[in-house]
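Residues per chain are reported as follows:
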Amino acid sequence: MSTVSAVVNASTVPTRSLLQSFVSSNQSDIFRCHSVHEGLLVNIPYACSYSHAAKRGGRPHLAVATEQGSVDIIDTTKRDDWDVEPQRVTVQPHANGVFDVKWSPSDSLIATASGDHSVRITTLSSSVPSSDRVLHTLRGHEGTVKSIAWDPAHGGAVLCSGGRDGRICLWDLRAGEQIRGGEVTPVLSIAKAHDWDGKQAKSKAPRGKLAPGAPLQGITHLLYTDTHPYGVISSCSSDGILNLWDVRLPSNKTRSKAKRPPKHKPLFTSSDPTTYNGSRRGRGITTLALGSGPTAALVFALGIDSRVHTYTLPSLVPLSGHITSIFSQAGLHSSLGAPDDPRAYWDPRMKTNSFYIRTATSPCGRWLATGGAGGGRAYLYDISGAGRADAIGRAGWGDGVELCGQTGEVGAVDWADGMLATCADDGTVRVWRPDVEVARQCRDNPSEMKWNWAWSTDA
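Criteria and cut-off values
- Residues numbered from 1 in each chain as written.
- Predicted model: local features only at pLDDT ≥ 70, side-chain atom pairs only at ≥ 80, totals over all residues.
- Heavy atoms only, no water.
- Helix = DSSP H or I, 4+ residues; strand = E, 2+ residues; numbered from the N terminus.
- Buried < 20%, exposed > 50% of the residue type's maximum accessible area, 1.4 Å probe, protein only.
- Contact = heavy atoms within 4.5 Å.
- Areas by Shrake-Rupley, 256 points an atom, 1.4 Å probe, with all protein chains shown as cover.
- Salt bridge = Lys/Arg side-chain N within 4 Å of Asp/Glu carboxyl O.
- Pairing = 2+ DSSP bridges.
- Arc of directions from axis to C-beta.
- Polar contact = N/O pair within 3.5 Å; in protein donor to acceptor, adjacent residues only side chain to side chain.
- Phe/Tyr/Trp six-rings, centres within 6.5 Å; stacked < 30°, edge-to-face > 60°.
- Core = buried A, V, L, I, M, F, W, Y, C linked by side-chain atoms within 4.5 Å.

**Things to note about the overall build of the protein**
Along the backbone of the protein there are seven helices and 30 strands. Taken across its 459 residues, the protein has 52% of its residues classed as buried. At a minimum sequence separation of 6, the contacts of the protein that also span at least 24 residues come to 57%. With the model as given, the accessible surface of the protein reaches about 20500 Å², and the carbon-plus-sulfur share is 53%.

**Thoughts on the environment of Ser-106**
Its location among the elements puts Ser-106 in the loop between β7 (98-103) and β8 (109-114). Linking Ser-106 and Gly-155, residues 49 residues apart in sequence, is a C-alpha distance of 7.0 Å.

**A closer look at the pattern of salt bridges**
For the coordinates displayed, the defined rule picks out 14 salt bridges. Where Asp-29 meets Arg-433, a salt bridge forms, and the shortest distance between an N and an O atom there is 3.0 Å. Taken as a pair, Asp-29 in the loop between β1 (22-25) and β2 (30-32) and Arg-433 in strand β29 (residues 428-434) lie far apart in primary sequence, 404 residues in all. A residue is classified by how much of its surface remains accessible, and Arg-433, at 8% relative accessible area, is buried. Of the charged contacts in the structure, one is a salt bridge between Arg-88 and Asp-72, with a shortest N-O distance of 3.3 Å. Residue Arg-88 is located in the loop between β5 (71-75) and β6 (89-91), and its partner Asp-72 is located in strand β5; the two are separated by 16 residues in the primary sequence. Arg-88 gets classed as buried once you look at its relative accessible area, which sits at 16%. The class of Asp-72 is buried, set by a relative accessible area of 4%. Salt bridges linked by common partners bring Asp-72, Glu-85 and Arg-88 together as one network.

**Thoughts on the sheet that holds β8**
What holds strands together in a sheet is hydrogen bonding between their backbones, with the strands either parallel or antiparallel. Spatially, five strands are ordered β7-β8-β9-β10-β14 in an open sheet, and the strand pairing comes out mixed. At either end of the open sheet lies a strand with only one pairing partner, and these are β7 and β14 (183-184).

**Section: the sheet that holds strand β16 (residues 219-224)**
If you trace the four strands from one edge of the open sheet to the other, you get β16-β17-β18-β19, paired in antiparallel fashion. Looking at strand neighbours, the two that pair on one side only are β16 and β19 (268-269), the edges of this open sheet. Pairing geometry for β16 and strand β17 (residues 231-236), over five bridges, is antiparallel. Across the sheet, residue Leu-222 finds its bridge partner in β17, namely Ser-234.

**Re the pairing of strand β26 (residues 401-404)**
The side chains of a regular strand alternate, residue by residue, between the two faces of the sheet. Sheet topology places strand β25 (residues 377-382) next to β26; four bridges connect them, and they run antiparallel. Residue pairing across strands places Tyr-379 opposite Glu-402, the latter belonging to β26. The pairing of β26 with strand β30 (residues 453-458) spans three bridges and is antiparallel. Looking across to β30, one finds that Val-401 is bridged to Asp-458.

**Topic: helix α6 (residues 436-444)**
Since there are 3.6 residues in each turn of an α-helix, residues three or four apart along the chain are aligned in direction. Within the span of α6, buried status applies to Val-438, Ala-439 and Cys-442. Buried residues along α6 cover an arc of 100° about the axis, so they all sit on one side. Turned more than 90 degrees off the buried face of α6, the exposed positions are Val-436 and Asp-444. Elements in contact with the buried residues of α6: β1, α7 (446-449) and β30. By the N-cap criterion, in which a side-chain oxygen at the helix start approaches the backbone nitrogen of a residue two or three places on, α6 is capped by Asp-435, the distance to Glu-437 being 3.3 Å.

**Thoughts on the packing of aromatic side chains**
One pass over the full model with this rule turns up eight aromatic pairs. An angle of 40° between the planes, with centres 6.2 Å apart, marks the rings of Phe-99 and Tyr-356 as tilted. Within this pair, whereas Phe-99 is found in strand β7, its partner Tyr-356 is found in the loop between α5 (325-330) and β23 (359-361), the two being separated by 257 residues in sequence. One aromatic cluster is present, formed by Phe-22, Trp-367 and Trp-415 through successive ring pairs.

**Let's talk about the pairing of strand β27 (residues 410-416)**
In terms of burial, β27 is a largely internal element, seven of the seven residues being buried. As defined by bridge partners, β27 adjoins strand β28 (residues 419-424) across five bridges and the pair is classed as antiparallel. Each bridged residue has a counterpart across the sheet, and for Asp-414 the counterpart in β28 is Ala-421. Counted along the chain from β27 to the antiparallel partner β28, the turn is two residues long, and its residue Gly-418 has a positive phi close to 85°.

**Some words on the nonpolar core**
Nonpolar side chains in soluble globular proteins generally cluster together in the buried interior. Counting residues in each nonpolar core, the largest one holds 17 residues, and the members touching the most others are Phe-22, Leu-380, Leu-403, Trp-415 and Leu-420. Per-element accounting of this core gives the leading share, three residues, to β27. Once residues lying within four places of it in the same chain are set aside, the contact partners of Trp-415 are Phe-22, Tyr-50, Lys-55, Ala-360, Thr-361, Ser-362, Pro-363, Trp-367, Leu-368, Ala-369, Leu-380 and Leu-420. Listed in part, the 16 residues of the second largest apolar core include Cys-160, Leu-170, Ile-190 and Ile-219.

**Things to note about unusual backbone geometry**
Omega for the bond connecting Leu-313 with Pro-314 falls within 30 degrees of zero, at 0°, which places this linkage in the cis form. Checked against the element boundaries, Pro-314 lands in the loop between β22 (308-312) and α5. A positive phi is found at His-117, a non-glycine position, where the angle reads about 75°. Of the residues examined, His-117 reaches a relative accessible area of 34% and is grouped as partly exposed. Non-glycine residue Ala-297 carries a positive phi angle of around 70°. Overall, the relative accessible area of 38% leaves Ala-297 in the partly exposed class.

Structure representation (structure tokens):
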């Protein structure tokens, strides 16, 4: 167990001070995404994911997916400034942007979701020629695929995907129906997953003119949960409502008897915390992150209202969004003039009004990171008290720790044991680690240290 893991596992030790010690070397902790096209210098990273082994303290291999369809496998092990970067592996599963990348439970495969409407399964085995590494192409979406999630109970054989077309697809790599070119079709498909009750408002047009179709409620993120054996949580682009689905594999008998696709309804549907403060319309969710350890049975959702909302599992009851009379009477207000939300994680400078911005929870379950829409900023929060009744007021205004070491929008983020990776529009991936002594030197002598280090500050 690493020193960081030992510290955060002691539940009585406050950890925000440890977040304030996160630093990143300007030499050894920056990785660039190289363009696969001549003449283009920048290849923007859209998504990143640490391997399961990295989250358990093993070799920190980070998969970084880019706008050009490539995926870099980067070893982010701490090294001296004069050491060369360990050799990376690069695969090219798509010719279009990759919006999500996930490791299989065994870390032997990666799944990628792309703007070409497909999901592809790629092996990382060095014994397989690079031209043959794409093992499966999964087609069942009619728009950009935004999210993928492996079923942890099936050893890398089952996964699900969600797309901008509002559809959730379940794939079984063992039993999926093969079609031309080695492609696979889904074994289960849920259309209009966030319009399942048929209550979506119809678009209107002036008399005598055609009305445009009502906008689809695109799926933005999928997440398996261990609180239900077949449970997958979904979020969408139009509001803060989450659905929990039973996506167990259909039996062969069920498939043969079915004459038409069955109608699916979620097991649980949340209310919308993005509208609790008097907002006239809901705000979409960009990413979901599952809690663990002290935050087990909680799920965190980053909204384009620039707040991280908290929901309980499996019922999906939102904890955030509620304004207590104590806080209202105390006159606590947000930057927009509304009463403060004591159960949400946010900061006045944190802007997440883009669906490229993600959130992630640390393997210890005590920390949460988000990207930011401008200024090269990312944000850290101590979420260890999120589910406790005495945690009211600990989450709100001013509790964020800010990381600033890149330019433009910081989108994808992910944690390994003892480190955090952030991806930015400048084509870089930066790795942050806690180092109390270096952080102290940075604060004591910022004019000198800024040439070699970036460090955390209070947001």
